[in-house]
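Structural characterization, general
One-letter residues, chain by chain:
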Amino acid sequence: MLNIENLRAAIEGKEILQGLDLHIRPGEVHAIMGPNGSGKSTLTRVLSGDPRYQVTGGGVDFLGANLLEQAPEQRARNGLFLSYQYPVAIPGVSNIQFLKAAVNAQREAQNLPPMDALQMLERTREGIKRVSLDESFMQRPVNEGFSGGEKKRNELLQMLLLEPRLCVLDEADSGLDIDALKVVGEVVNGMREANRSFLLITHYRRLLDHIAPDHVHILTAGKIIASGGMELAEQLERSGYRGLAA
Amino acid sequence: MGAAQSVLEQYVPLIAARLEGQTGPEWLYRWRAAAFARLQRSGLPGKHRESWHYSAADLWLQQFAEHHALAPQARGADNAVATDLPAGRSLPFVDGYLAAAAPEDETFSLRPLAQLSEQEGVALLAQSRAEQTDPLADLITALAPETWVLTVKAGAQVELPFVLSQFASRRGSHFAQLLIWLQADASATVVEDFSAAQAAGEYLYLSQTALKLEQGSRLTYTRCNRDGADAQHLGVTTARLGRDAQLRLQTLESGRGDAGLRNRIRNGFHIELAETGAEFIARGAFAADDRQHIDYHFTVDHCADHGRCDIQVQGLAAAKSRGIVNGRIYIAQNTRGNDGQFTSHNLLLSSDAEIDAKPELEIYADEVKCAHGATVGQLDADQLLYLQTRGIDRDSAVVLLTEGFLKAGLLDSGNADLNDYFQRQLLAGLEKSGGMTV
């Protein structure tokens, strides 16, 4: 589904990713763990198409096409979803208006008619229940005045409605209490299927207690230095990044 | 010879003839004559006046006079008003003339100014020093063929909004003058919607709306400009607020991507918080596109204690348009407990567009709470990217963000149908041109 080969990327002339390789097959859940400054967020930004990041080498193939040649909206329409670590607020645009625009933009790309208003409402209500938000969030401006946890739940709501093929969750666990962490686990586990993959990016093992990954990777200095299963995350918990690097 | 002098000289014989031919009561004649005298002393407003720095009305009038008559158009034969305003108590005006029978019931009346008693007329017209400071108001007073007074009677709580369609049907000069008088403890909602026939062509709309709010009265007043592509509109709204009166004002100007070279709109708002506890809340929004020129000018005078004023304007300029948000809040000496806020946030969608925003404060009292501020910026790159990463293309994302931005300049009129209608009007220009001509 996603093949990253020797990816190098920079921001403002500073190279952050220094030859990253990653291969995700349909249905798999991968976790990337790494210390601060290792390039985790740069990877998500590059995948999303943030124009401030320059790809200086390597390539990314997503579902058989060159991802790096696609505009951000094209990547999303092809099935890529990024759950932001710090989602921006959009004053004046209600959540339901935003969700409708996003869902219908993706439907249009698939030559489908816009979603019926009633169906949209029902699906949003259902999603809101699954991420444990209040229905009033439908009318509130996107992420404006939301707590950190509410923002993360709102990202999950979008993920539920957009039904992407590959979900990249950038520190979906940061700043969350135990209950909110459980919600993240339930939503991701509920969406796991043979044709959908996940890439979890996190500092800590605790998210992986709720979502069992198929593969765990350790990212340091812009490269994956180790790959394995859950035992790698456990080893990391015991020895820390320094111990693992040694 | 300057533009102001030259064009004023063209107006003088028109006004003199109008005064000479006036058959109404003496007090009305004196009112118009006084305005004429002031106009001759002050001249027409232009760049030489600080408050008209960005909109040289004298030059606009001069340019208009090169191809069109400055005299008000006579009443036309066609009284049809094409409007899609939501239901309300409809008061249609065509080219400044009332185009229906004047309605009246136990709560309100619409009458020609000349039909007021001398006592009423003198009391009403002596009210506002604000209107005496604007030469444009004097020009309209001296020359408007019809002046109507909408009176909401003391204590009346009128639920159904008054919907005044100010419709320009053809080319030429149109004058509209309206006085809205809320007597003590009355409340009402008034919408004044300026629109034009498709084939109206080049026209000049000179409009004045004078508001008098007596003690304890409450008015929600919306002024919506949807003028034609080749329209020039010089508008002035004046208000005098009595004790504990409240004026909630909304001003909107929707963008149009087909604006002619001389699509220019200037709206001046002169508000006098004349007595203790008066409150003025204003929200404004404009979406200037193509070569539009849109200018809002606010002056608010806190003349008594415990007045409150809160002005917020959201402006957007695309293509080669220009938007202006200007004015000042004045706090008089020896007043106490006044609160004045004046902010303006603006978005530039093109490197060829221009925004001039300068909200000012002028304070002569010690015990006040005041703030002013203005921002001019561009669309937030993170917000744009966020929407794009959800599959929304860039143009649609620009529309969503600009819509969201402008909504902060919308006032809740208390009437859901009107709220929806004006939101649609404001955003229609954006949607038609796919996010304006960025």
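Quick note: structure is the one above.
We now turn to the structure provided with this report. Here the structure is a predicted model, which means the values were calculated and not measured. (Residues numbered from 1 in each chain as written. Chains lettered and ligands numbered in written order. Predicted model: local features only at pLDDT ≥ 70, side-chain atom pairs only at ≥ 80, totals over all residues. Heavy atoms only, no water.)

1. Quick word on the nonpolar core
In terms of nonpolar packing, the biggest core is built from 104 residues, with Met159 and Leu169 of chain A touching the most fellow members. If near-sequence neighbours (up to four positions away) are discounted, Leu169 of chain A is found in contact with Ser83, Leu156, Met159, Val184, Val188, Phe198, Leu199, Leu200 and Ile201 of chain A. With 50 residues, the next largest nonpolar core counts Val190, Tyr221, Ala282 and Val313 of chain B among its residues. (Core = buried A, V, L, I, M, F, W, Y, C linked by side-chain atoms within 4.5 Å. Buried < 20%, exposed > 50% of the residue type's maximum accessible area, 1.4 Å probe, protein only. Contact = heavy atoms within 4.5 Å.)

2. Considerations on the pattern of salt bridges
Under the definition given, this model contains 34 salt bridges over all chains. With its nearest N and O atoms 3.7 Å apart, the salt bridge here joins Glu163 of chain A to Arg123 of chain A. With Glu163 of chain A in the loop between α5 (148–162) and β9 (166–170) and Arg123 of chain A in helix α4 (residues 117–130), the pair connects residues that are 40 residues apart, well separated along the chain. The partly exposed category is assigned to Arg123 of chain A, whose relative accessible area is 21%. Here Arg308 of chain B makes a salt bridge to Asp310 of chain B, at a shortest N to O gap of 3.8 Å. What makes Asp310 of chain B buried here is its relative accessible area of 15%. (Salt bridge = Lys/Arg side-chain N within 4 Å of Asp/Glu carboxyl O. Helix = DSSP H or I, 4+ residues; strand = E, 2+ residues; numbered from the N terminus.)

3. Considerations on the environment of Leu133 of chain A
Residues and elements named next belong to chain A. By secondary structure assignment, the location of Leu133 is in the loop between α4 and β8 (141–142). Expressed as a C-alpha distance, the spacing of Leu133 and Arg153, which sit 20 residues apart in the sequence, is 7.3 Å. If near-sequence neighbours (up to four positions away) are discounted, Leu133 is found in contact with Ile128, Glu150, Arg153 and Asn154.

4. Things to note about the pairing of strand β3 (residues 108–112) of chain B
Residues and elements named next belong to chain B. Counting buried positions over the five residues of β3 gives four, a clear majority of the element. Inspection of the sheet shows β3 paired to strand β4 (residues 147–152) by five bridges, in the antiparallel sense. What sits directly across from Phe108, in β4, is Val152. (Pairing = 2+ DSSP bridges.)

5. A look at the sheet that holds strand β2 (residues 14–24) of chain A
All names here are of chain A. Taken in spatial order, the four strands of this open sheet run β2-β1-β4-β5, and their pairing is antiparallel. Across the chains shown, the open sheet's two edge strands, defined by having one partner strand only, are β2 and β5 (65–66). Sheet topology note: the strand β4 (residues 53–62)/β5 ladder contains two bridges and is antiparallel. When the sheet's bridge partners are listed, Asp61 is paired in β5 with Asn66. Along the sheet, helix α1 (residues 40–48) makes contact with β1 (2–11), β2 and β4, crossing β1 at roughly 105 degrees. (Axes fitted to C-alpha atoms, helices over the stretch in contact; angles between N-to-C directions.)

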